[in-house]
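Residues per chain are reported as follows:
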Amino acid sequence: MKLKVYADRMSQPSRAVIIFCKVNGIDYEEIKVLISKGQHLTSEFAEINPMKRLPAIVDGGFKLFESHAILIYLACVFPGVADHWYPADVAKRSRIHSVLDWHHSNLRRGADTYVSNATIAHVAGRPLTPQAAAETETLLLSSLSKLESFWLKDDGCFLLGGNQPSIADLSLVCEIMELEVLDEKDRARLLGPHKKVLQWIESTRNATNPHFDEVHQVLMKVKERLQYQRLKAAKSEGGSDMKKPLLSRM
Amino acid sequence: MKLKVYADRMSQPARAVILFLKLNGINYEEVRVDIAKHQHLTPEYAEINPMKQLPAIVDGRFKLFESHAILIYLACSFPGVADHWYPADVFKRSKIHSVLDWHHSNLRPGPVTIVRNTVLAPALGRPFNPEAAAEGEKFLSASLSKIESIWLKDNGRFLLGGNQPSIADLSLVCDIMQLELLDESDRDRLLDPYKKVQQWIENTRNATNPHFDEVHKILMKAKEKRHNQRLNGANNGWGGPEMKKTLLSKI
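Predicted model, so just to flag it, every value in this text is computed and none were measured.

Student: I'm lost on empty space enclosed by the protein in this one. Help?
Tutor: Gaps between atoms show up when a probe of the same size as a water molecule is rolled over them. Applying the stated criterion to the full structure yields 3 cavities of 30 Å³ or more. When its volume is computed, the second largest cavity comes out at roughly 100 Å³. Forming the walls of the second largest cavity are His68(A), Ala69(A), Ile72(A), His97(A), Leu100(A), Asp101(A), His68(B), Ala69(B), Ile72(B), His97(B), Leu100(B) and Asp101(B).

Student: Explain the side chain of Thr208(B) to me, please; I cannot follow it from the model alone.
Tutor: Residues and elements named next belong to chain B. Summarising the element assignment, Thr208 is placed in helix α9 (residues 195-208). With relative accessibility at 0%, the residue Thr208 sits in the buried group. Among all residues touching Thr208, those that are not within four sequence positions of it are Leu19, Leu23, Trp85 and Leu170.

Student: It is not clear to me how the interface of chain B and chain A should be interpreted in this structure. Could you clarify?
Tutor: By convention, interface size is frequently given as the accessible area that disappears when the constituent parts associate. Listed as interface residues are 28 residues of chain B and, on the opposing side, 29 residues of chain A. A combined buried area of about 2,400 Å² lies between chain B and chain A, and 68% of that area is made up of carbon and sulfur atoms. It is Met51(B), Asp101(B) and His104(B) that lose the most area in chain B upon contact with chain A, and together they represent 21% of the buried surface on that side. Taken together, the connections running from chain B to chain A amount to 0 salt bridges. In this assembly, chain B and chain A are joined by 6 residue pairs in polar contact (both at pLDDT 80 or more).

Student: Please clarify how the sheet that holds strand β1 (residues 3-7) of chain A should be interpreted in this entry.
Tutor: Two pairing modes exist for strands in a sheet, parallel and antiparallel, and in both the strands are linked by backbone hydrogen bonds. All names here are of chain A. Overall, mixed pairing links the 4 strands, which are arranged β2-β1-β3-β4 in an open sheet. Each edge of the open sheet is held by one strand with a lone partner, namely β2 (28-32) and β4 (62-65). Here the average twist between neighbouring strands, direction ignored, is 20°. For β1 and strand β3 (residues 56-59), the ladder comprises 3 bridges, and the chain directions are antiparallel. By the bridge assignment, Tyr6 is partnered in β3 with Ala56.

Student: Whenever I open this one, the packing of helix α4 (residues 90-124) of chain A against helix α6 (residues 167-177) of chain A confuses me. Can you help?
Tutor: All names here are of chain A. Running from amino to carboxyl end, α4 crosses α6 at an angle of 5°, the nearest separation of the two axes being 10 Å. One way to sum up the angle between α4 and α6 is to call them roughly parallel. Taking contact as the criterion, the partners of Ile96, Val99, Leu100, Trp102, His103, Leu107, Arg108, Ala111 and Asp112 in α4 are, on α6, Ile167, Ala168, Ser171, Leu172, Glu175 and Ile176. In terms of residue class, the contact of α4 with α6 is made up of 10 nonpolar, 2 polar and 3 charged.

Student: Where do I start with the packing of aromatic side chains in this structure?
Tutor: Any aromatic ring pair is given by two values, namely how distant the centres are and how the planes are angled relative to each other. The full count for this structure, using the stated rule, is 14 aromatic pairs over all chains. Summarising the aromatic geometry, the rings of Phe65(A) and Trp151(B) are spaced 5.6 Å apart at their centres and angled 40° between planes, so their arrangement reads as tilted. With one member in each of two chains, Phe65(A) in strand β4 and Trp151(B) in helix α6 (residues 130-151) form a pair that bridges those chains. Owing to a relative accessible area of 4%, Trp151(B) belongs among the buried residues under this scheme. With 6.0 Å between their ring centres and 50° between their planes, Tyr6(B) and Tyr45(B) make a pair best called tilted. Here Tyr6(B), found in strand β1 (residues 3-7), pairs with Tyr45(B), found in helix α2 (residues 43-48); they are 39 residues apart in sequence, far enough to count as distant. For the residue pair Tyr6(B) and Tyr45(B), the accessibility class agrees, reading buried in each case. Members of the aromatic cluster, each reached through a chain of ring pairs, are Trp102(A), Phe150(A), Trp151(A) and Phe65(B).

Definitions and limits used
- Residues numbered from 1 in each chain as written.
- Chains lettered and ligands numbered in written order.
- Predicted model: local features only at pLDDT ≥ 70, side-chain atom pairs only at ≥ 80, totals over all residues.
- Heavy atoms only, no water.
- 1 Å grid on protein atoms, 1.4 Å probe; cavity = no way out; pocket = protein on both sides within 12 Å on 5 of 7 lines; lining within 4 Å.
- Points joined across faces, edges and corners; volume = space filled by probe spheres on them.
- Helix = DSSP H or I, 4+ residues; strand = E, 2+ residues; numbered from the N terminus.
- Buried < 20%, exposed > 50% of the residue type's maximum accessible area, 1.4 Å probe, protein only.
- Contact = heavy atoms within 4.5 Å.
- Buried area = accessible area lost by both parts, 1.4 Å probe.
- Salt bridge = Lys/Arg side-chain N within 4 Å of Asp/Glu carboxyl O.
- Polar contact = N/O pair within 3.5 Å; in protein donor to acceptor, adjacent residues only side chain to side chain.
- Pairing = 2+ DSSP bridges.
- Axes fitted to C-alpha atoms, helices over the stretch in contact; angles between N-to-C directions.
- Parallel < 35°, antiparallel > 145°, perpendicular 65-115°, else oblique.
- Nonpolar A, V, L, I, M, F, W, Y, C, P; charged D, E, K, R; others polar.
- Phe/Tyr/Trp six-rings, centres within 6.5 Å; stacked < 30°, edge-to-face > 60°.

As structure tokens, this is what we get:
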């Protein structure tokens, strides 16, 4: 029985799991569970994951949720997964656990909160006040800064000085990709100062393409649509109000 | 060179690591880093952990932080650690990873938010914030409810239906113990609806005593001190009758 992956490609951790499966040639069936339609809240999906979150997998009779747990399971269980994804060496592996743990309360919380707030503001047609925006971006900026100065401080292309990507690179880069849905200037302001981070995103993308781009297609379509809406709002009468508070903080 | 553990026993994840070491007879040196005295913010400590958080370990030249990563490292690196702490079986191990990951964004923020906005606020140089504490309570209740109905749904004495504790039990129970700092009545009110959770805390304590009680002594002393201060009626900034009224009014 084929591995089943319950995912929404708008979900950062879902993308990490799908890219991992594709890059490693793992045979799987992707079952779309659309968050925007509330499909993750159904009683059917609760049978798969009672926490009602994505992603989740079912491998034969074995169910599992939490993307880091899933990535580790897949790396251990499927033959042919190269060691660099989740090294057998205890010290290397422990450092990967350390990044993955740090991620939850730092980059993930920071990026997710910032993007959620910015998106809510966009949809409501009500921009974030400069104060609200500043509060939500503090954790995101501090996380990007720690990536730049610590997790990427060594000479490799990837986290922890690696010359090849690990599951940590996949997880964290997929998270940062969520920032693509922001206003282009906002995204540039947040990421621009972090040269190593930008290079690392590109390295991870190159190491996992064409799958990386393919899996991010849904997100990039949403990005395009939002950009169009912003341009339209800016051109129409009084529409420049949307852009002002974000721009005024540059 | 002996393993060094940088810890403050007022920190929940630090307690989980120390407890694990004691239970498994791992030889270590505990280096106290006092959070209340801001010792975790010094440049010396940043050499150990640039994230300036506790716990951290140094094993020979190998440095590591994040308590879950540390617990897994210790289980894998030291001989004689029984399998139930971190099973070799990939399915059991994956379920433990799942709980530990869930913990970060679910159980962990609850007690932390309540305690740092009320009883520990003065020590942390923060204002009392009953609204934030009330949010923390809602969050905690949602998490306790999930532990009760999902993680403890099977018939074992521990998480995931286990009959012996794993590193996940240590980590989560140490977090819930932080609620000991609250008024007895608040703590009871928060935990009362969750019978399985209360039983599980007791099971974990029994399975890991006398070390559990020993490692939690400093927390219990802080609890006692607060209790005496309240009895003496002092409005000492730890949250006297006014704080209690505000918290109760949120029910």
